Amino acid sequence: MHSIVCEDVWMVYRSLFSEKVALSGIYLKIPSNRIYGILGPNGAGKTTLISLMATLLRQTKGRIEVLGYDTLRELKEIRKRINIASGNPNLIWSLTVYENLRYYSLLYGINDKKAVEELIREFELEEFRDVEFNRLSTGNKQKLILARAFVNDPELVFLDEPTKGLDPPVARRLREKIRSLQKELGITVVLTTHYMSEAEMLCDRIAFINRGKIVAEGTKEELKRMLKMRDKITIEIDANIPNLSIEGVFAVERDGNQLSFYVDSAEARIWDIAKEVARFGRIKNISVKEVDLEDVFNELAK
Amino acid sequence: MRMSSTNLRSEVYKILGFTYRNYIITKRNFFTLFETLFWPIIGLISVGLMGAYLSLEERYLAFILIGAVTLSILQVSQLDVAYVLLFDIWSKSLRYTFVTPVSIFHMIFGAWLFGSFRGLVAFLILALSGKYLFDLNLLIDPPSLLLFLLGIFLSAMIIGTLTCSLLLIFGYRAEVAAWTLTAIFMLLCGIYYPVTLLPAGIREIAYAIPLTHFLEFYRSFYGFSPSTSNPALLGYSLSFLFLILLFLILIWASERARKKGTVTQFSE
């Protein structure tokens, strides 16, 4: 069962004298009741893709189906069932926490003051209930933005970099909240993020987008396997090393005299690599770790 | 298909959402209180004193004071409609409104309800001030007064809707329309003078605008003959024509904004 299906989706921004292709030929199926991550470098097209799925944009070509409804013809049906929260915490400045939530629930045709109060409690905003939006801290603004995304009991929530610019403890608490709400309500969450640790912690499946195209898609494990990168061997040496070509090494990263080798299996490759490197100087340190999402991301963003 | 009562209630709540938001912002914002009270009273007093200085006959004083009062209530009530998008644009929260299942009609109508209320308050204050300061009775018979006020509020909806369309088409540059369109309309429709004074060509444009006929209708109670036999009916007919046309433009502008990415740009 899929919450979103994209077929050959193109988005081209046209003005009088220019044309910019933001997305080209996107095919994507986002499974229901999961947290799905869309990752990519700045300007890759993540926000454009999420905005298309959330009906804020209209694609130039292709078909997008959200919860079984077509984004071109059945806007109202989709909008009733979805919601969005962005990492740029912007709401009407002079409305309080309560007023903002009440206002947005009215826009969904819901007149339920009790539900608004419950939402305030759920997101631990009771203390700030009557505080105007522009007087809230960034963390509380972000909490309110997230609370706002649940005023209509959505089946699908889009989170566009929801923890951007937050202190690590606040960001961690929000991630935990997202995870627990998703599990508790059984909803689908589509998330874009720059933080690989966030994607690693939250996402069940991930699509990597680069220059307007999906370059890889799958679970974390599938993505690592797809790139045949399992382990990362980092060696620090006291001399400069020329470019090396060693069998079984998929990629090499250089940071001064420190080299990182991406391999299929550290066990099988470590001695060959160490021997080759030792020809150029004395090895000061060797470490081995499993490849993480950040490494996959760096490789795919090249 | 008939609308169920739950659906109807839900549609009413969507409209009232915008009324609620404009009410809260007005209540909390000193500037909007200024718009409702300060400028209308300044306008009335300055024009009234000018009339006194020029020793105008009572009916001519009524003629120009009606212009001043209409300008004020039109401006106060259209601002609410124009602000329905501007509040979101200024606070960069447009995406949160556009992602909800509201249509452009809910937005305009909800904001217009509160704008009309503000316009009514401004009118009552000006009517009292006019009576007290210049012995001018602006309270004609209630049905006719209601007909005039509703006509002005419809004109406010026209101007506000036009501003919203311009905002979606031209972006931030068009926000100036919120404060200038009323003055342009009033200039064309005979704020302090009959439209017969206007040069040919412009005069015809003035007659095509409903506001001209609502002003003539109101002034007819003070001894000025309107240019048509039934100015109120003509005013209403033109208003509905304008509104249908403007709503079509607004629907087109909203779709264009989705294609061009204006909604997301306004939220960044």
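Keep in mind it's a predicted model, so treat the numbers as computed, not measured.

The partner chain B presents 34 residues to the 43 residues of chain A that form the contact. The contact between chain A and chain B buries some 3,500 Å² in all, and 59% of this surface belongs to carbon and sulfur atoms. For the chain A face of the interface with chain B, the top three residues by lost area are Leu56(A), Arg58(A) and Leu107(A), together amounting to 19%. A salt bridge links Arg95(B) to Asp160(A); its shortest N-O distance comes to 3.8 Å.

Residues and elements named next belong to chain A. Pairing within the open sheet is mixed, and its six strands lie in the order β6-β7-β8-β3-β9-β10. Among the strands making up the open sheet, the edge pair consists of β6 (82-86) and β10 (213-218). Adjacent strand axes in the sheet meet at a mean angle of 15°, parallel and antiparallel pairs treated alike. Bridging between strand β3 (residues 35-39) and strand β8 (residues 188-193) involves five bridges; their strand directions are parallel. From the neighbouring strand, Gly37 faces β8, where its bridge partner is Leu191.

This brings us to the confidence of the model for chain B. Residue and element names in this part refer to chain B. Per-residue confidence for chain B gives a mean pLDDT of 92; residues scoring 70 or more make up 99%. Across chain B, the element-wise mean pLDDT spans from 82 in helix α11 (residues 262-265) up to 96 in helix α9 (residues 210-219). For this predicted complex, the interface confidence comes out at an ipTM of 0.90, alongside a pTM of 0.86.

How each quantity is defined
- Residues numbered from 1 in each chain as written.
- Chains lettered and ligands numbered in written order.
- Predicted model: local features only at pLDDT ≥ 70, side-chain atom pairs only at ≥ 80, totals over all residues.
- Heavy atoms only, no water.
- Contact = heavy atoms within 4.5 Å.
- Buried area = accessible area lost by both parts, 1.4 Å probe.
- Salt bridge = Lys/Arg side-chain N within 4 Å of Asp/Glu carboxyl O.
- Pairing = 2+ DSSP bridges.
- Helix = DSSP H or I, 4+ residues; strand = E, 2+ residues; numbered from the N terminus.
- Axes fitted to C-alpha atoms, helices over the stretch in contact; angles between N-to-C directions.
- pLDDT = per-residue confidence, 0-100.

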